[in-house]
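Structural description and commentary
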Amino acid sequence: MLRETKVIPRLKYITIVFLIQSLSLLYAQERIFSVLILPPKPIVQTEDTLVYLPVLYRSLEEQLASQRFEVMSRDLLQSSSEFQAIQGETFLPAERVVPIGRSLQANIVVATTYGLEGNRMFIHIKGFDVRTSRLAAAISETGFAGLAGFALSEQSALRFVESLTKYRAQYDPNEPITLEAIVSLVFQSKDEGMLVSLDGREPSGRIVKGELEVPYVPFKVDSTILVRKEKEGYYPEVERVALRPGENRITLTPLQKKFRNEVGVGWTVGEALGVAMEYRRYVEPDYLFVSITERFYSQYDSLKGSHPVLHNDVSLSIGGYVGPYNNRIRIGATLGAGVVITSFTVSDMPVYTDYYFNLGSPFIELNYNPWAIFLMLRVQYGLGMGNHVLGRGFFTIQEGGVPITLGVRRKW
């Protein structure tokens, strides 16, 4: 019995100590995130933009407080000389706002910019870790202005606080401030609205006004990450990106559009006085298409008394490519039917029609999307039907051989 009475108090003591330490850690974890919110900055100060300022400000305070962040008083800012020094500035990077947070002993400083473009509104909110100067959380939102702009302001604050809460969950207050981890990561792209994801994680956000600032992720310097890029109407791609010390502003390569239309012009060997034109409509972008082709050419030997012979070759085809859409060299073929209308430009001679099948005309392209240089062998088999002049059999040029067309195409 004596042993039991000694063991039980000891267990109670250990349990109490454990609970006290756990509560202390939890309390410290909550207390460590004191947040200083700078007044939102409109890009241009007008009556239309200033009406959203108090809504943005209040929404940020309420959302942060609801997630048990310590929101610092607005009045504290007025005593900060660092804050007074930035009053005339609109865009506030880390090096301008972190000193304000440091002087007021905040853990996070929040800077917001917003503006109007016609009936659209955009909002950017960033939160910087005062100790490390790193970007802790960031969001970019766009939507309609007017009454919808107030809802957009509240939604933006909610999304930002959700991002900052995730940062708090993985926060290490003892993490050394070294160059082992990058300071910031900003992607730039011409593909507006493109969705960006990093190393298989959930999407980091979309490109807005040409860039996306990624909330802090502890990537190491000199590491390589995989960036997945997606946009409706474009082919998704994965790009490798190398990270360097400090701030990283990385321009992503453009996505390849899924093309639906194409026009081409060409010149055919043996048809010196002529031109070929083609329009394609892609059933499956960049792979399967239907097309209409018009080749007009004339023959004229320039001898006295000679008359030019005019040929109008019209055909309908289906075709497709073999191999990936972004290969530099692409090959394919077409199948179809057409008719060559021939006039000898002599009044007492009829107009001739030679119907034919296109029996798989192969082509090869040098692909520089959206442009391409192509070479096509025209495999046309005359049916010898009706009032024909070219006869039954494969069409050839006067010099002998299958007609070859060289030309250029452009997609859109």
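Our subject is the structure listed above.
Residues numbered from 1 in each chain as written. Predicted model: local features only at pLDDT ≥ 70, side-chain atom pairs only at ≥ 80, totals over all residues. Heavy atoms only, no water.

1. Notes on helix α7 (residues 147–169)
Our working rule: Numbering goes from the N terminus for both helices and strands, where a helix is a DSSP run of H or I of at least four residues and a strand is a run of E of at least two. Multiplying 1.5 Å by the residue count of a helix minus one yields the expected span of that helix. Between buried and exposed lies partly exposed: a residue is buried under 20% and exposed over 50% of the maximum accessible area for its type, with that area taken using a 1.4 Å probe on protein chains only.
The first and last C-alpha atoms of α7 sit 34 Å apart over 23 residues, in line with the 33 Å expected at 1.5 Å per residue. Within the sequence span of α7, burial applies to Gly149, Leu152, Ser153, Ser156, Ala157, Phe160, Val161, Ser163, Leu164, Tyr167 and Arg168.

2. A few points about the packing of aromatic side chains
Defined as follows: Working definition: a ring pair exists when centres of Phe, Tyr or Trp rings (six-membered ring for Trp) sit within 6.5 Å. Plane angles under 30 degrees give stacked, over 60 give edge-to-face, the rest tilted.
With the rule as written, the count across this model stands at 13 aromatic pairs. Aromatic pair Phe33 and Tyr171: ring centres 4.9 Å apart, planes at 75 degrees, arrangement edge-to-face. Pair noted here: Phe33 is in the loop between α1 (2–31) and β1 (34–37) and Tyr171 is in the loop between α7 and β7 (184–188), with a separation of 138 residues, a long-range link. The exposure class assigned to Phe33 is buried, which follows from its relative accessible area of 1%. Classification of Tyr171 by relative accessible area gives buried; the value is 14%. Residues Tyr381 and Phe394 carry aromatic rings whose centres are separated by 5.0 Å and whose planes lie at 75 degrees to one another, so their mutual orientation is edge-to-face. Remark: Phe394 occurs in strand β22 (residues 392–394) and Tyr381 occurs in strand β21 (residues 380–383); sequence separation between them is 13 residues.

3. Comments concerning the sheet that holds strand β12 (residues 237–242)
Selection criterion: Paired strands, in this sense, are two strands between which DSSP finds at least two bridges. The convention used is that axes are lines fitted to C-alpha atoms, helices contributing only their stretch in contact, and that angles between N-to-C directions extend from 0 to 180 degrees.
Taken in spatial order, the 4 strands make up an open sheet running β9-β8-β11-β12, and their pairing is antiparallel. Looking at which strands have only one partner, the edges of the open sheet turn out to be β9 (203–206) and β12. Within this sheet the neighbouring strands show an average axis-to-axis angle of 25 degrees, counted without direction. As paired elements, strand β8 (residues 195–198) and strand β11 (residues 224–230) share 4 bridges and run antiparallel to each other. Looking at β11, one finds that Ser197 is bridged to Arg228.

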